[in-house]
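Coordinates in review
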Amino acid sequence: GIICCITALAFCPWYLHPVLLLLIAARQHALLVLMHDASHFLICRSKASNDLISDLFCSFPFGLATRSYRANHISHHEHLNTGDDPDLVRTVGPSGHPEEWLFPMPHRRLFRFFARDLFGRSFVDLVKVLGDLRRISRASKQSRCHYRYPMLVTATYFSAVAGLLYFSHKPWLLLYA
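The rules behind each value
- Residues numbered from 1 in each chain as written.
- Predicted model: local features only at pLDDT ≥ 70, side-chain atom pairs only at ≥ 80, totals over all residues.
- Heavy atoms only, no water.
- Helix = DSSP H or I, 4+ residues; strand = E, 2+ residues; numbered from the N terminus.
- Buried < 20%, exposed > 50% of the residue type's maximum accessible area, 1.4 Å probe, protein only.
- Areas by Shrake-Rupley, 256 points an atom, 1.4 Å probe, with all protein chains shown as cover.
- Salt bridge = Lys/Arg side-chain N within 4 Å of Asp/Glu carboxyl O.
- Polar contact = N/O pair within 3.5 Å; in protein donor to acceptor, adjacent residues only side chain to side chain.
- Contact = heavy atoms within 4.5 Å.
- Expected span 1.5 Å × (residues − 1).
- Patch = residues over 30% accessible without salt bridge, like charges linked within 9 Å, V, L, I, M, F, W, Y side chains within 5 Å.
- Disulfide = S-S within 2.5 Å.

As for the overall build of the protein
Check the secondary structure of the protein and you find eight helices and zero strands. Order of helices (α) and strands (β) in the protein, N terminus to C terminus: α-α-α-α-α-α-α-α. Of all 177 residues assigned to the protein, the portion counted as buried reaches 32%. For the protein, the accessible surface area stands at approximately 12100 Å², while carbon and sulfur atoms represent 68% of it.

With respect to the pattern of salt bridges
Overall, the coordinates contain two salt bridges when judged by the stated rule. The salt bridge involving Asp51 is made with Arg70; its shortest N-O contact spans 2.6 Å. Remark: Arg70 occurs in helix 4 (residues 66-78) and Asp51 occurs in helix 3 (residues 47-59); sequence separation between them is 19 residues. Each member of the pair, Asp51 together with Arg70, is buried.

Quick look at the environment of His146
In this structure, His146 sits in the loop between helix 7 (121-138) and helix 8 (150-168). On the basis of relative accessibility, which here comes to 19%, the residue His146 falls in the buried class. A C-alpha to C-alpha distance of 8.1 Å links His146 and Leu52, two positions 94 residues apart in sequence.

Remarks on the side chain of Asp51
With relative accessibility at 1%, the residue Asp51 sits in the buried group. A polar contact of 3.5 Å, which involves the side chain of Asp51, links it to the backbone nitrogen of His146. Setting aside residues no more than four positions away along its own chain, Asp51 makes contact with Ala38, Phe41, Thr66, Arg70, Arg144, Cys145, His146 and Tyr147.

Some words on helix 2 (residues 17-39)
The end-to-end C-alpha distance of helix 2 is 33 Å, a good match for the 33 Å that 23 residues give at a rise of 1.5 Å each. Taken residue by residue, helix 2 has His17, Leu20, Ile24, Gln28, Leu31, Met35, Ala38 and Ser39 as its buried positions. The inward-facing, buried residues of helix 2 contact helix 1 (2-11), helix 3 and helix 4. Once helix 2 ends, the next one or two residues include Phe41, with phi positive near 60°.

Focus on a nonpolar patch on the surface
Residues Leu34, Ile43, Ile53 and Phe57 make up a contiguous nonpolar surface patch of about 340 Å² in total accessible area. With respect to the secondary-structure elements, Leu34 resides in helix 2.

Notes on the state of the cysteines
The full count for this structure, using the stated rule, is zero disulfides. Left without a disulfide partner, Cys4 is nearest to the cysteine sulfur of Cys5, which lies 7.0 Å away.

Here you go:
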C-alpha cells in the first residue's frame, strides 16, 4: 500500500497528495504496530525469522532495527509508570508534568500541539527519540540480533533503497516515505 501510494504521488495531481499522504501515514502506523508485536516475538515462532521479517518490512523503513525498539520496550514493561520508564519520561518529561498529554486540552494548547507538527518540531523530537532508542539498545542485553549478519542485511537493504531512488530519477519521493 505504501509503495503504491508513493508511486501514485509521482504521477497524480498535487491536490490528491494530502489523501495519499494520509493513507501512507495510516500504513506506516500499522507497520509500527507490527514492529511492536515483533518485539515480543509474535510474528513467527523462529526468533531469527521474526527479527528478519520485522526489520525488512517494519523497522528498516523507519531507520530502526527491531532489536533497538525491543530494548526500549522491554525496559518500558519492566519499569512501567515509574521514573525509569523510558516511554513515560519521553512523554511527560523528566519533571513529570504531563501537560501535553492531559485531555481535554484547552484550545490554545491544542493549537500549539498542532503547530509543532506543522512547523516540524515533532520531527526534531522524533530524531531525538530515534537517537535514544539506539543509545538504549547499545546498553541493553535485550538488543541482541537473532539472525546472522545483521550489518550485512542492513547495508544491503539501504543500498537497495538508494539504488531504487537513484534509478527512479525521483529521489524526492523519499521525503514522502
